[in-house]
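Overview (structure and organization)
Now for the letters of each chain:
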Amino acid sequence: MRKKLPFAEAILHHRSNPKFQFMRSRRSYRRLIYINIFVIVALALPSILTSFDYAGHVTAFPLASSAAAQSTSSSLFPLPKSPGTPTSLYEVNVGGTKSPLSYTIAALQGIVARTQPRIFLVSQTDDESWLSYLESNYGVSVQQSTATAMIQQFASYVENSNDQVKIIEFNANDPLFPLQVNLAKTLAGVYTALPVSSSDLPTIQKMFGSNIDILYNLNGMFTNDLTAYTWLWNLVGSSVTKSFLSLEPAGRVSLTDYEVEWKAFVFSFSETTAPTSQEASFAASVLSNYPQNTPVLGSFGLGGEENTVGFLSEHGALMILSDTATDLSVYSGFPTATNLQQSSTTSITYDKSKTYVMFLQTQGDGINYDMYYNWDHWTAIDPTTNQPYRDEVASSWQINPILAEVAPPIITRWYQTEGALQSFVSSPSGGGGYVYPNDLPDEAAWLSTAKGLDQNANLEVQFEIDATTTSELQTYISGTSPQAVLLWQNNGHAPETVSGIPVFYSSFWADPKAATFTSADVSSQVSEIKSFTAQGVHLVYVIMRANNPGLSEVQAIMNQLGSNYVDVNAAQFVSLYQQGA
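All of the points below concern the structure found in this document. (Residues numbered from 1 in each chain as written. Predicted model: local features only at pLDDT ≥ 70, side-chain atom pairs only at ≥ 80, totals over all residues. Heavy atoms only, no water.)

Some points on the layout of surface pockets
Note the cut-off: The pocket and cavity definitions rest on a 1 Å grid over protein atoms only: a 1.4 Å probe that fits but cannot leave marks a cavity, an open set with protein on both sides within 12 Å along at least five of seven lines marks a pocket, and residues lining either have an atom within 4 Å of a point. Grid points are joined across faces, edges and corners, and a volume is the space filled by probe spheres set on the points. Gly is placed with the polar residues, together with every amino acid not listed as nonpolar (Ala, Val, Leu, Ile, Met, Phe, Trp, Tyr, Cys and Pro) or charged (Asp, Glu, Lys and Arg).
Roughly 460 Å³ of volume is contained in the second largest pocket. Forming the boundary of the second largest pocket are 18 residues, of which E305, Q363, Y434, I465 and W509 lie nearest the centre. Tallied by class, the residues present in the lining of the second largest pocket amount to 10 nonpolar, 4 polar and 4 charged.

Written out as structure tokens, the structure reads:
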């Protein structure tokens, strides 16, 4: 049951009052000063930090407590954290891109979070689960509300000096979708305004009448993506955050709160077609304004996965798959999760009559996977035993260690529910960003960052995606100090020791094409594993796509393999190799 909170919020704002008569009397002026000082001291009011938004509207921001101030510092990774730990949240249900006011409420969520996170958006069942976790484990109180109620309640956060609500109007159905959405998000962040779809404008007008200020109406302004994004960059490039930027080829609502909160530059071209030379030149020019190893949130908007990751790596940027991650403005407000520890793993003594199989669940670099898709498989229940599959079969999971800062409750819950059969390894490559380290202009700096992230998350086994030579492996190992390295390439290559560190090459990639695995998929993978045993290989490393099929298929495979095969996690796999397997 959600706790009920008073609907009205006491929001402090210093405003210029046209009816206020300035005291010309010096004595009266001094008296006013003394009275004000006395009242402030007597009531022991919290200090107020006053700042001006882009339009000159004065807004009061309460100073964060020492704990909250500590939570806003980003020491592990350059992604910023919301100020103020969330203590009470309004829960608002939203849909997708066609849902009324979805972009508007998400942007407002981020703007309000610049002071302290107050709004939590629920778009799927997992969001409800995470919100309940915040209630029970962080003492957050929750009240249900609606998008319209929240817009009315927090309207003062987006008002200009004339108390008008600032609007960026866009067409969510424009032929170049999501062009106008990305423009609107960026402009909303820089100008502290609400992005409002033309179809939702009547609703806003009904709330505020003529008391709105449409800063930009994007309808019909552009017929070409490159022209539009060039215009946008020339307009606000000097004002957007340089902590990160976003690629949003699908125009989803999910990341809007965090993008608007921190005034991110949001753009993209195509998820399927490589950028033209002009588009690539524009993207390179934009990236040149950011520090080396800057994170890029969103998805693969520069021509698909390989093109995007390769292009970003060459230009010193890190892909953080996150296009469906919601409420980062809320999660990032919690204190950083430090010194995470994995559960103890049951030790295994090598038996040469056995074949040991490690299943590696992938996609952990995507923080949205850690929040949703992988999490669903992590929590899946075996219907025959009513127990989680993770307590019945062993496996290893990639996880993104930047969650310790940008979403501490998410990674904390993963670690709290880890049992002896499971283990966590770093996401590619080495933790933090989906990147090709060898292509980075400043690889050493990135490896140092990855090392700090992995040590904080106790990720001693690391997954690396592009090392292909002994020299590249030596560079990676010297920079990150792992206990072991898992590679995805060179299927079937025998394990080796590089600089004293075990390096494992995948045996094969298990990737069913259907939405769910079939008995034919299981039989195929059983045969593949047995083929390695026939060659005298007793350590088999299988990469699996975590959102399909998950631990239920691992269990089905092991049941067919029989008692001479043992499923193990990464820590056990490394130990077996060191025992001479």
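Remarks on the pattern of salt bridges
Note the threshold: Here, a salt bridge means any Lys or Arg side-chain nitrogen found within 4 Å of an Asp or Glu carboxyl oxygen. Secondary structure counts use DSSP, requiring at least four H or I residues in a row for a helix and at least two E residues in a row for a strand, with both numbered from the N terminus. Burial here depends on accessible area, computed with a 1.4 Å probe over protein chains only, as a share of the maximum for the residue type. Under 20% is buried, over 50% is exposed, and the range in between is partly exposed.
A full pass over the atoms with the stated rule returns 3 salt bridges. A salt bridge links K185 to E259; its shortest N-O distance comes to 3.2 Å. Taken as a pair, K185 in helix 6 (residues 179-191) and E259 in helix 9 (residues 256-261) lie far apart in primary sequence, 74 residues in all. Residues K185 and E259 agree in their burial class; the two are buried. Measuring nitrogen to oxygen at the nearest pair gives 2.3 Å for the salt bridge that ties R252 to D323. Of this pair, R252 sits in the loop between strand 9 (245-247) and helix 9 while D323 sits in the loop between strand 12 (317-321) and helix 12 (328-331); the two residues are 71 residues apart in sequence, bridging distant segments of the chain. Assessed through its relative accessible area of 31%, R252 is described here as partly exposed. Several salt bridges converge on common partners, so that one network encompasses K185, E248 and E259.

Some details on the pairing of strand 5 (residues 141-145)
The cut-off we apply is this: We treat two strands as partners when DSSP finds at least two bridges between them.
Strand 5 sits mainly inside the fold: 4 of its 5 residues count as buried. One ladder, built from 5 bridges, connects strand 3 (residues 88-93) with strand 5; its direction is parallel. Each residue of the ladder has a partner; that of S88, found in strand 5, is S141.

Brief notes about the packing of helix 4 (residues 125-138) against helix 15 (residues 408-416)
Using the following cut-off: The convention used is that axes are lines fitted to C-alpha atoms, helices contributing only their stretch in contact, and that angles between N-to-C directions extend from 0 to 180 degrees. Put simply, angles under 35 degrees are roughly parallel, angles over 145 are roughly antiparallel, angles from 65 to 115 are roughly perpendicular, and the rest are oblique. We call two residues in contact when some of their heavy atoms are within 4.5 Å.
Packing of helix 4 against helix 15 leaves a shortest axis separation of 11 Å and a crossing angle of 80°. One element, helix 4, and the other, helix 15, form an angle in the roughly perpendicular class. Contact residues: helix 4 offers S129, W130, Y133, L134, N137 and Y138, while helix 15 offers P408, P409, I410, T412, R413 and Q416.

Remarks on the sheet that holds strand 7 (residues 194-197)
Read from one edge of the open sheet, 3 strands run 7-6-8, paired in parallel fashion. Edge strands, defined here as strands with exactly one partner in the open sheet, are strand 7 and strand 8 (212-217). Neighbour-to-neighbour, the strand axes of the sheet open up by a mean angle of 40°, direction not taken into account. In the sheet, strand 6 (residues 165-170) pairs with strand 7 via 4 bridges, with the strands oriented parallel. Bridged to I167 within strand 7 is L194. Each of strand 6, strand 7 and strand 8 touches helix 6; the most contacted strand, strand 6, lies at about 165° to it. Sheet strands in contact with helix 7 (residues 201-208) are strand 6, strand 7 and strand 8, and its direction is about 155° off that of strand 8.

Concerning the sheet that holds strand 19 (residues 484-487)
Strand order in the open sheet made by the 4 strands is 18-19-21-20, with mixed pairing throughout. Bordering the open sheet on either side are strand 18 (461-464) and strand 20 (496-498), each of which pairs with just one other strand. The sheet shows a mean angle of 30° between the axes of neighbouring strands, taken without regard to direction. With 4 bridges joining them, strand 18 and strand 19 adopt parallel strand pairing. Residue E464 lies in a different strand from strand 19, and its bridge partner there is L487. The sheet strands contacting helix 17 (residues 470-480) are strand 18, strand 19, strand 20 and strand 21 (501-505), and the helix crosses strand 20 at an angle near 60°. In the packing of helix 20 (residues 570-578) onto the sheet, contacts are made with strand 18, strand 19, strand 20 and strand 21, and the angle to strand 21 comes to roughly 110°.

What about the pairing of strand 12?
The following threshold applies: With its strands directed away from the observer, a crossover is right-handed exactly when the path from the first strand over the helix to the second travels clockwise.
Within strand 12, 5 of the 5 residues are buried, which leaves the element mostly enclosed by the surrounding structure. Because side chains alternate across strand 12, one face comprises the buried residues A317, M319 and L321, and the other comprises L318 and I320, equally buried. Sheet topology places strand 11 (residues 294-298) next to strand 12; 5 bridges connect them, and they run parallel. Along strand 12, the bridge assignment pairs L297 with I320. Between strand 11 and its parallel partner strand 12, the chain crosses via helix 11 (residues 305-314), and the hand of that crossover is right-handed.

Some words on the side chain of T256
Mapped onto the elements of the fold, T256 is located in helix 9. Other than its neighbours up to four places away in sequence, T256 contacts Y103, A106, A107 and K185.

Regarding helix 16 (residues 443-456)
Owing to its 3.6 residues per turn, the α-helix aligns residues three or four sequence positions apart on the same side. Under the convention used in this document: By definition here, a helix of n residues has an expected span of 1.5 Å times n minus one.
Between its first and last C-alpha atoms helix 16 spans 20 Å; for 14 residues at 1.5 Å apiece the expected length is 20 Å, and the two agree. Along helix 16, the residues that are buried comprise E443, W446, L447, A450, L453, D454 and N456. Elements in contact with the buried residues of helix 16: strand 12, helix 14 (403-406), strand 17 (422-426), strand 18 and helix 17. Two residues or fewer after helix 16 comes N458, characterised by a positive phi angle close to 55°.

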